[in-house]
Amino acid sequence: MKKWTVGMPDRKTVSSLMLNCGVTSLAAAALAAKGYSSPESVAESLNVSELSDPFLIKDMQKAADIINTAIDNGERICIYGDYDCDGVMSAVILYSYLNEAGADVIYYIPERSEGYGLNMKAIDSIAADDVKLIVTVDNGISAISEAEYIYSLGMKLVVTDHHQQGEQLPRAEAVVDPHRHDCFSPFKYMCGAGIALKLVAALDGGDYTMALEQFGDLAAIATVADIVSLTGENRFLVSYGMELISNSDRPSIMALKEVCGLADKPINSQSIGFGLAPRINAAGRFGSPKTAAELFLCEDYDEALASARELDRLNNLRKDAENAIVSDIESMIDKNPQLLRGRVIFLCGKNWHHGVIGIVASRVVEKFGKPCFIASDTDGEIRGSARSFGEFSVFDALTACSDVLEKFGGHLGAGGFTIKNGKAELFGQLLEKYALENHKVMPVAELKADIPLTPTELTVENVKGLDVLEPFGTDNEKPLFYIENAQILDITPLSDGAHTKLHIKLGTAQADALVFRRSPRELGFSKGDICDMIVNLGINEFRGRTSVSIVVNDIRPHIFEQSKYFAASSAFEAFLRGEELPGNYYPSMNPSRDDVVKIYKAIPDEGICSDTLYIKLNDRNINYCKFCISTEALRQLGLVTISCTDNKIKRVRVSQKADLDSAAVLVSLRNKLAKSY
């Protein structure tokens with residue numbers, strides 16, 4: 001369960017934005033909730049209509065001059081990319097331009113097994129191909145020793161990158177990176193392909209016309225895929241690129257849209273992020289990134305369609321591998337629920353595919369609401385990925401564990417690491433130690449609604465007005481809205497119970513709300529119940545009729561006391577970890593026999609989500625901590641099972657009575673009680 005927060009934007013600001021920006025009330029409120037307080041701030045951030053002069057980026061002129069000279073002199077140039085979507089698109093953009101310009105040009109994209117960035121073996125191979133100039137795209141800013149090696153072999157280097165600069169710049173003819181400490185370009189957040197597009201414009205004298213027309217679509221795909229900030233110039237680039245993709249005659253785009261089921265559908269950032277980009281990334285994860293590069297360099301539709309289908313096949317392999325790891329993790333947790341009780345989650349498996357463990361870590365964070373570190377032991381090498389949220393820094397946590405790590409890197413929300421042989425268990429212990437010392441109260445996963453929604457605002461015109469905020473993405477997320485005090489009039493299962501449609505009453509208005517991936521039984525609501533929701537809004541067009549679409553992100557009973565819920569959950573897990581709690585906590589955590597029996601009898605034969613069961617009990621004498629202690633006691637005695645997959649609690653058929661007082665969790669609790677008196 002996530003903590004809900006609801007924004008309350010200043011109404012005067014909302015009115016001012018409506019009046020001066022010409023937007024609907026919902027759009028104005030969403031803008032105010034994101035921190036925009038004046039029409040000028042809205043225009044500056046959202047209404048960008050062009051890209052800034054490419055030569056404002058440090059060394060861009062130098063890079064253009066060096067590359068143009070190499071073209072004129074007939075020197076062989078190698079574009080060195082990366083195996084992810086951004087790296088592939090960057091390489092395709094620059095290679096295509098140079099090839100059309102008559103350059104003697106090749107490209108090199110490392111396999112995932114080679115690791116990120118320049119490597120010595122690749123440099124040797126490139127040198128053997130009589131290359132005189134290497135130009136990196138989407139990498140190179142940290143290649144200090146590799147750059148020296150390039151020069152020792154008689155080659156030159158131009159770096160173009162968008163990652164953070166370290167203490168030292170690599171040796172190069174030019175280092176083009178907006179994050180250079182001495183670069184004062186106005187926009188810092190482009191991906192590698194965005195920088196490559198700017199370099200193409202610089203090579204063409206600084207005019208963007210050709211660069212955008214030829215490569216705006218590829219740069220837009222990379223911008224969405226690389227999850228960079230969708231503000232400022234990136235908004236313009238993605239908006240421009242989406243138009244190109246929607247009306248594209250590029251064989252690769254047409255073929256990829258076909259296999260994604262997007263051939264006749266409008267393109268937005270979501271269809272790029274969940275349709276096109278994963279298939280391009282799948283090449284680097286489960287095949288070769290060259291497959292993706294060859295697709296986008298292909299000029300024949302039939303060949304492109306064959307390549308696109310191969311990417312689709314690889315993406316299905318990615319999904320299968322991802323789901324298999326998640327299934328392994330769920331089995332591990334079901335067998336040992338303590339794996340979930342720590343302040344952080346650390347899980348290590350055998351031969352989990354390294355190409356997807358980062359995605360898996362994100363899924364585990366989303367599901368369980370804790371920082372997650374996932375590692376795979378393959379032939380004795382234990383490599384992993386981490387994901388986090390809030391103020392829990394992955395990089396700081398890994399730094400605290402550095403004595404047991406071969407190498408690591410990352411930032412606040414994500415990172416990668418390699419654990420020294422035989423040190424996995426100690427790594428987990430050090431993570432817990434870091435979390436305890438630096439986060440006595442761990443961050444709680446949040447779901448934030450931008451604004452409360454009133455029934456009168458649910459009009460087609462008002463919801464359509466949200467389109468001015470597109471494209472949605474990092475730093476410009478799709479608005480979420482809070483609906484309070486909705487009465488459920490009817491509940492309808494959809495797709496054989498896989499999803500649910502709720503018919504709700506809001507004041508005097510009525511509407512339908514869709515809940516995906518939860519059956520009516522899993523929701524645990526009944527007709528007549530009063531609930532609160534956090535929702536997305538959209539427009540539904542069906543048989544010529546246009547209506548507002550409400551999609552439920554989360555739903556709860558009205559007046560749910562979330563502060564008590566999270567405090568109780570935190571206390572319960574701290575107790576299971578053996579941490580000392582204030583003495584007055586223990587009596588309030590201690591369930592009576594009648595409490596446990598009541599909980600047990602309330603479990604339906606088909607089982608029920610544990611949180612739903614607690615809500616349906618609606619017993620003020622059973623706080624959430626008592627409830628958790630009770631269900632854990634029942635689990636320890638073999639009277640119930642609790643699945644981590646859906647948090648479902650089910651009764652187990654037993655042939656003999658169990659001694660409730662023998663449950664380990666109750667024995668431990670009552671020992672604490674005895675000591676506190």
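Predicted model only: the values in this text are computed from it and were never measured.

(A) Spatial organisation of the packing of aromatic side chains. Applying the stated criterion across every chain, the model contains 18 aromatic pairs. Residues F373 and F417 carry aromatic rings whose centres are separated by 6.1 Å and whose planes lie at 50° to one another, so their mutual orientation is tilted. Of this pair, F373 sits in strand β8 (residues 372-378) while F417 sits in strand β11 (residues 414-419); the two residues are 44 residues apart in sequence, bridging distant segments of the chain. Classification of F373 by relative accessible area gives buried; the value is 0%. F417 sits in the buried class, given a relative accessible area of 3%. With a centroid separation of 5.1 Å and an interplanar angle of 90°, the aromatic rings of Y565 and F566 are classed as edge-to-face.

(B) Seen up close, helix α23 (residues 610-617). Residues of α23 that are buried include every one of S610, D611, T612, L613 and L617, and no others. Of the residues flanking the end of α23, it is N618, one or two places downstream, whose phi is positive at about 50°.

(C) Seen up close, the packing of helix α14 (residues 301-335) against helix α15 (residues 357-368). As a packed pair, α14 and α15 sit with axes 10 Å apart at the nearest point and diverge in direction by 50°. Here α15 runs oblique to α14, going by the angle between their axes. Both α14 and α15 take part in a crossing whose hand is right-handed. Taking contact as the criterion, the partners of R318, E322, N323, I325, V326, I329, E330 and I333 in α14 are, on α15, I357, I359, V360, R363, V364, K367 and F368. Looking at side-chain class alone, the contact of α14 with α15 contains nine nonpolar, one polar and five charged residues.

(D) Here's a closer look at the pairing of strand β10 (residues 405-410). Judged from the five bridges that link them, β10 and β11 form a sheet pairing that is antiparallel. When the sheet's bridge partners are listed, G409 is paired in β11 with G416. What sits between β10 and β11 in their antiparallel hairpin is a turn of three residues.

(E) Examining the sheet that holds strand β5 (residues 156-160) more closely. The five strands are arranged β3-β2-β4-β5-β6 in an open sheet whose pairing can be described as parallel. Where the open sheet ends on each side, the last strands, each with one partner, are β3 (105-108) and β6 (174-176). Along the sheet, successive strands turn relative to each other by an average axial angle of 20°, direction set aside. In the sheet, β5 pairs with β6 via three bridges, with the strands oriented parallel. Paired with T160 across the strands is V176, a residue of β6. Of the strands in this sheet, β4 (133-136) and β5 touch helix α7 (residues 144-152), which is tilted by about 150° from β5.

(F) Structural context of the side chain of S90. The residue S90 is located in helix α5 (residues 85-100) in this model. Judged by relative accessible area, which is 0%, S90 ranks as buried.

(G) Layout of the packing of helix α8 (residues 192-203) against helix α9 (residues 209-225). Running from N to C, α8 and α9 point in directions that differ by 170°, and their axes come no closer than 9 Å. On the basis of their axis angle, the class for α8 and α9 is roughly antiparallel. For the pair formed by α8 and α9, the contact residues are A193, L197, V200 and A201 on the first element and M210, A211, L212, F215, G216, A219 and A222 on the second. Grouping the amino acids of the contact of α8 with α9 by side-chain chemistry returns 10 nonpolar, one polar and no charged.

(H) Structural context of the sheet that holds strand β7 (residues 345-350). Spatial strand order, β7-β8-β9-β11-β10: five strands in an open sheet with mixed pairing. Among the strands making up the open sheet, the edge pair consists of β7 and β10. Each strand axis lies, on average, 15° off the axis of its neighbour in the sheet, ignoring direction. By the bridge criterion, six bridges tie β7 to β8 in an arrangement that is parallel. Bridge assignment links F346 to a residue of β8, and that residue is F373.

Scoring rules and cut-offs
- Each chain has its residues counted from 1, following the order in which its sequence is written.
- In view of the model being predicted, local features appear only for residues whose pLDDT reaches at least 70, and side-chain atom pairs are presented and counted only at 80 or more, with totals across whole chains, interfaces and linings using the full set of residues.
- Here the side-chain values reflect all heavy atoms present in the structure, with hydrogen atoms and water set aside.
- Planes of paired rings set the category: under 30 degrees apart is stacked, over 60 is edge-to-face and the rest tilted, where pairs are Phe, Tyr or Trp rings (Trp by its six-membered ring) whose centres lie within 6.5 Å.
- Here a helix means four or more residues in a row that DSSP labels H or I, a strand means two or more in a row labelled E, and each is numbered from the N terminus.
- Using a 1.4 Å probe on the protein chains alone, a residue whose accessible area is under 20% of its type maximum counts as buried, one over 50% counts as exposed, and one in between counts as partly exposed.
- Fitted lines through C-alpha atoms serve as axes, helices being fitted only where they are in contact, and the angles separating the N-to-C directions of these axes extend from 0 to 180 degrees.
- Angle categories: roughly parallel below 35 degrees, roughly antiparallel above 145, roughly perpendicular from 65 to 115, and oblique for all the rest.
- It is the rotation of the near helix from the far one that decides the hand of a crossing: anticlockwise by less than a right angle makes it left-handed, clockwise makes it right-handed.
- Should any heavy atoms of two residues lie within 4.5 Å, those residues are counted as being in contact.
- Gly is put with the polar residues, along with every residue not named as nonpolar or charged; the nonpolar set is Ala, Val, Leu, Ile, Met, Phe, Trp, Tyr, Cys and Pro, and the charged set is Asp, Glu, Lys and Arg.
- When DSSP finds two or more bridges between a pair of strands, those strands are recorded as paired.

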